[in-house]
Amino acid sequence: MSIDFSNFSFTYAGGSKAAIQDICHEFESGSYWCVAGANGSGKSTLLKSVCGILDGTVGKGTVKIEGREIRSIDRVNLARTVAYVPGGAGIQFPITARELIAQGRFPYKQRLSIGLSEEDETKIQSIVALLGLEKNQNRLVSQLSWGESALVMLGRALAQETKWLVLDEAVSSLDLGVQRRVFSVLEKMHRDRKVGILFVGHDLNLAAEFIPKLLWLHEGKIIKSGPFNEVLSDDLLSYVYGKDAGLSVGQNPKNGKPKIFFS
Amino acid sequence: MANSAKIIGVLLLALLAFVVAVLVGPAEMTSEIFWQLRLPRAIGVASVGAGLAVAGVLVQSSFGNPLADPFTVGIASAAALGAVVGAVVFRGSFLGFGPGAMAFVFALGFSFVMTAWMRRGIRSAADILLVGVVCGFFFTACATLILSLSEPHALAHSLSWLMGSATYIELPWALGVAAITTVVTLVAWLQWRAMDLVTVNELTARSMGVDVKKLRLLLYVCVAVIVAISVGVAGVIGFVGLVVPHALRRLGVRSTVTLIPAAFFSGAALVLSADALARTIIAPTEVPVGVILAIIGAPVFLWLARRSL
């Protein structure tokens, strides 16, 4: 189930400039990507176009999933194919962790059916266990730590049982332990269930540790894509972030993964 | 306690309040009083309470904002202005329609303008609420201006509308109001999953298949119908729409699937009891039911919420 961008350009409602332009790229079925770039480079727009939640005008081109244009797919069906995880939901109403995760089953429910099936309950329980939320599952999300509430939002996306997971800054501002837990879960989904993942975040050293592929956006256009260690280079970093940032690529001495240094 | 038990609990409470409301009153009970005054009034008041509490859930859920109520979206203020225009400008009757009918027309008219505006583009929840609040101020100011220029007799008549006071209603009308409120509640209830998702996060709700714009339009119309009817029957009653959903959530009724029926019955119970008290506390003078609700209800709510505030 690949995601295909062909010549895709998009401008937000009220915006004068295209947020992303002439995007041509195929995310192969089950692939695992980090989408990187400076602030305002179009990363979130790219992710949202995959989830079908953009408001504005498509200049030209298409985004297709398994050959079908995303905008023409029924929204509930799309929610069974792509799950979206934002960075922090800002939940204002009381809801427990388990109730929130259970919402991930909504796209599979008939309008008049109330409550969850036994199968749903089993699925939710295994997600709760996978995320290590057993102890806190019946607490209100507003009473959980920021990290745990981020795990709950991820849990809801997992409950959607999609072929693609899309994470927009979902691990930013989490502590190192929770970041590790998120990446372990993503790794497991990618390896065992062949789930494709599109990840946006600014901590590239963290991403380099876990994510095999890297796509660079700059001012709304793709400038480079491929295996993480091949794409990341001194020239690219100074092109994107400016020479003054003084960034260079080296290696993590423990595992040989690429690592960015400030000089 | 399971949620179904809570719903049955508030249903029993509503029935009890209904019986009490029918039985108590300053005058002695006769068959005439029962059929022409007490029963229609109890049905009307119960429908208003049920409808307003449900409207509160709908507004809060569809805008993902716990502070929203039928006043924050401007509809209730539009209805109040309609009642004042009906009472003062048209001296209680315009082509045979009283202030209640004018309140209905104003509320629906305003919601028509608002939904037309909402349909024309992409509006954020904050924008819709802001426009609602600003329009609400405008309507209230217009009503105050009209009142300040009016004669004492008309002023007294309008005040009873503005503070909420169930007036004379005939049985067929009361039954009609109950039927419409129930149907609108059912229509809105069918959207419970979408509302659950929007209360968490609008963007993720959309990613999970909710057409937020359509949902808001539908629920806005539901709220407008409920508020228009309730102001027409009982004047402007605040408090219920804001507080009933909150109180229920704090009692553990969280999902919209149970919140809507629970609000329906507890809103009815609350306004029925307040109305019974309003009629009897300093009989034969009637205290506006809105006043009773806020004066007793506000401290009770704060006490209920004391642990989580």
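Keep in mind the model is a prediction, meaning the values are calculated, not measured.

Trainee: Can you lay out the overall build of chain B for me, pointing to particular residues and giving the numbers?
Mentor: When helices and strands are counted, chain B shows 13 helices and 0 strands. Listed by position from the N terminus, the elements making up chain B come as α-α-α-α-α-α-α-α-α-α-α-α-α. Overall size of chain B, expressed as C-alpha extent along the three principal axes, is 60 × 45 × 35 Å. Counting across all 309 residues of chain B, residues that qualify as buried make up 54%. Relative to all contacts within chain B whose residues are 6 or more apart in sequence, the contacts with residues 24 or more apart total 76%. For chain B, the computed accessible surface area is about 13200 Å², with 74% contributed by carbon and sulfur atoms. One way to put it: in chain B the 18 positive side-chain charges average out to a point 13 Å from where the 11 negative ones average out.

Trainee: Help me get a handle on the pattern of salt bridges, residues and values and all.
Mentor: All names here are of chain A. Inspection of every chain in the model, using the stated rule, returns 15 salt bridges over all chains. The closest approach of N and O atoms between Lys-213 and Glu-28, which form a salt bridge, is 3.4 Å. Of this pair, Lys-213 sits in strand S9 (residues 213-218) while Glu-28 sits in the loop between strand S2 (20-27) and strand S3 (32-36); the two residues are 185 residues apart in sequence, bridging distant segments of the chain. According to the relative accessible area criterion, Glu-28 is partly exposed, its value standing at 32%. Put simply, Glu-121 and Arg-98 hold a salt bridge, and the shortest N to O gap is 2.9 Å. Remark: Arg-98 occurs in helix H3 (residues 97-102) and Glu-121 occurs in helix H4 (residues 118-130); sequence separation between them is 23 residues. Among the charged side chains, a network of salt bridges with common partners joins Arg-105, Lys-109, Glu-119, Asp-120, Lys-123 and Glu-161.

Trainee: Lay out H4(A) in plain terms, naming residues and giving numbers.
Mentor: Residue and element names in this part refer to chain A. The first and last C-alpha atoms of H4 sit 18 Å apart over 13 residues, in line with the 18 Å expected at 1.5 Å per residue. Buried residues of H4: Asp-120, Ile-124, Ile-127 and Val-128, and no others. Taken down its axis, H4 places every buried residue within 100° of arc, on the same side. What points out from H4, more than 90 degrees from its buried face, is the exposed set Glu-118, Glu-119 and Thr-122. Count one or two residues on from H4 and you reach Gly-132, which has phi positive near 70°.

Trainee: Got a sec to walk through the environment of A:Ser113? Specific residues and values, please.
Mentor: If you trace the backbone, A:Ser113 turns up in the loop between H3 and H4. Judged by its relative accessible area of 27%, A:Ser113 falls in the partly exposed class. In contact with A:Ser113, not counting residues within four places along its chain, are B:Trp192 and B:Arg193.

Trainee: Give me the side chain of B:Asp275: which residues, what numbers.
Mentor: With respect to the element layout, B:Asp275 can be found in helix H12 (residues 256-280). Within the local environment of B:Asp275, its side chain forms a polar contact with the side chain of B:Arg41, the two groups lying 2.8 Å apart.

Trainee: So, the packing of aromatic side chains: which residues are in play, and what are the values?
Mentor: Residue and element names in this part refer to chain A. Tallied over the entire structure, the rule returns 12 aromatic pairs over all chains. Here the aromatic rings of Phe-183 and Phe-210 are separated by 4.6 Å at their centres, their planes lie at 5°, and the arrangement is stacked. Pair noted here: Phe-183 is in helix H6 (residues 176-192) and Phe-210 is in helix H7 (residues 204-210), with a separation of 27 residues, a long-range link. You'll find Phe-183 and Phe-210 in the same group, each marked buried.

Trainee: Can you tell me about the nonpolar core, naming the residues and giving the values?
Mentor: Ranked by size, the top nonpolar core spans 103 residues in total, and within it B:Leu58, B:Ile75 and B:Ile237 carry the most contacts. Core analysis: the next-biggest nonpolar cluster, separate from the first, contains 56 residues, A:Ala97, A:Leu131, A:Phe199 and A:Trp216 among them.

Procedures and definitions
- Residues numbered from 1 in each chain as written.
- Chains lettered and ligands numbered in written order.
- Predicted model: local features only at pLDDT ≥ 70, side-chain atom pairs only at ≥ 80, totals over all residues.
- Heavy atoms only, no water.
- Helix = DSSP H or I, 4+ residues; strand = E, 2+ residues; numbered from the N terminus.
- Buried < 20%, exposed > 50% of the residue type's maximum accessible area, 1.4 Å probe, protein only.
- Contact = heavy atoms within 4.5 Å.
- Areas by Shrake-Rupley, 256 points an atom, 1.4 Å probe, with all protein chains shown as cover.
- Lys, Arg positive; Asp, Glu negative; His and termini not counted.
- Charge placed at Lys NZ, Arg CZ, Asp CG, Glu CD.
- Salt bridge = Lys/Arg side-chain N within 4 Å of Asp/Glu carboxyl O.
- Expected span 1.5 Å × (residues − 1).
- Arc of directions from axis to C-beta.
- Polar contact = N/O pair within 3.5 Å; in protein donor to acceptor, adjacent residues only side chain to side chain.
- Phe/Tyr/Trp six-rings, centres within 6.5 Å; stacked < 30°, edge-to-face > 60°.
- Core = buried A, V, L, I, M, F, W, Y, C linked by side-chain atoms within 4.5 Å.

Don't take any of this as a statement about function, it's just geometry.
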